[in-house]
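Spelled out, the chains give:
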Amino acid sequence: MSDDLIQYFNQISIKIGEVADNTRSSFMRLESQLEQINGTLTYTNVILTLLCLLFFVDIYLKWKRK
């Protein structure tokens, strides 16, 4: 009986370790994807800023010609 109980708790401990490993692995993948999205958003923000600047320069030049 005692050996069965020890084996039962060892199996529970192993399963908890597997859950922890799987959770860590999932978070690592998620972190990698978030870093990629962050880089893409940074690039997009730079392009958007340049477009806004060009838009305002265009408006200013049109206003100045009148």
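How each quantity is defined
Residues numbered from 1 in each chain as written. Predicted model: local features only at pLDDT ≥ 70, side-chain atom pairs only at ≥ 80, totals over all residues. Heavy atoms only, no water. Phe/Tyr/Trp six-rings, centres within 6.5 Å; stacked < 30°, edge-to-face > 60°. Buried < 20%, exposed > 50% of the residue type's maximum accessible area, 1.4 Å probe, protein only. Patch = residues over 30% accessible without salt bridge, like charges linked within 9 Å, V, L, I, M, F, W, Y side chains within 5 Å. Areas by Shrake-Rupley, 256 points an atom, 1.4 Å probe, with all protein chains shown as cover. Salt bridge = Lys/Arg side-chain N within 4 Å of Asp/Glu carboxyl O. Helix = DSSP H or I, 4+ residues; strand = E, 2+ residues; numbered from the N terminus.

(A) Broad picture of the packing of aromatic side chains. Taken as a whole and judged by the stated rule, the model has 3 aromatic pairs. Between tyrosine 8 and phenylalanine 9, the aromatic rings sit 5.7 Å apart at their centres with planes inclined by 65 degrees, giving edge-to-face as the arrangement. With a relative accessible area of 49%, phenylalanine 9 lands in the partly exposed category. Arranged with centres 5.5 Å apart and planes meeting at 65 degrees, the rings of phenylalanine 55 and phenylalanine 56 form a pair that is edge-to-face. For phenylalanine 55, a relative accessible area of 47% puts it in the partly exposed group. Classification of phenylalanine 56 as exposed rests on a relative accessible area of 53%.

(B) Summary view of a nonpolar patch on the surface. Together, Leu5, Tyr8, Phe9, Ile12 and Ile16 give the surface a local cluster of nonpolar side chains, amounting to about 510 Å² of exposed area. With respect to the helices, strands and loops of the structure, tyrosine 8 is situated in helix H1 (residues 2-65). Residue tyrosine 8 is classed as partly exposed on the basis of its relative accessible area of 48%.

(C) Structural context of the pattern of salt bridges. Applying the stated criterion across every chain, the model contains 2 salt bridges. Among the ionic pairs, lysine 62 bridges to aspartate 58, the shortest N-O distance being 3.3 Å. With lysine 62 and aspartate 58 both in helix H1, this residue pair falls 4 residues apart, about one helical turn.

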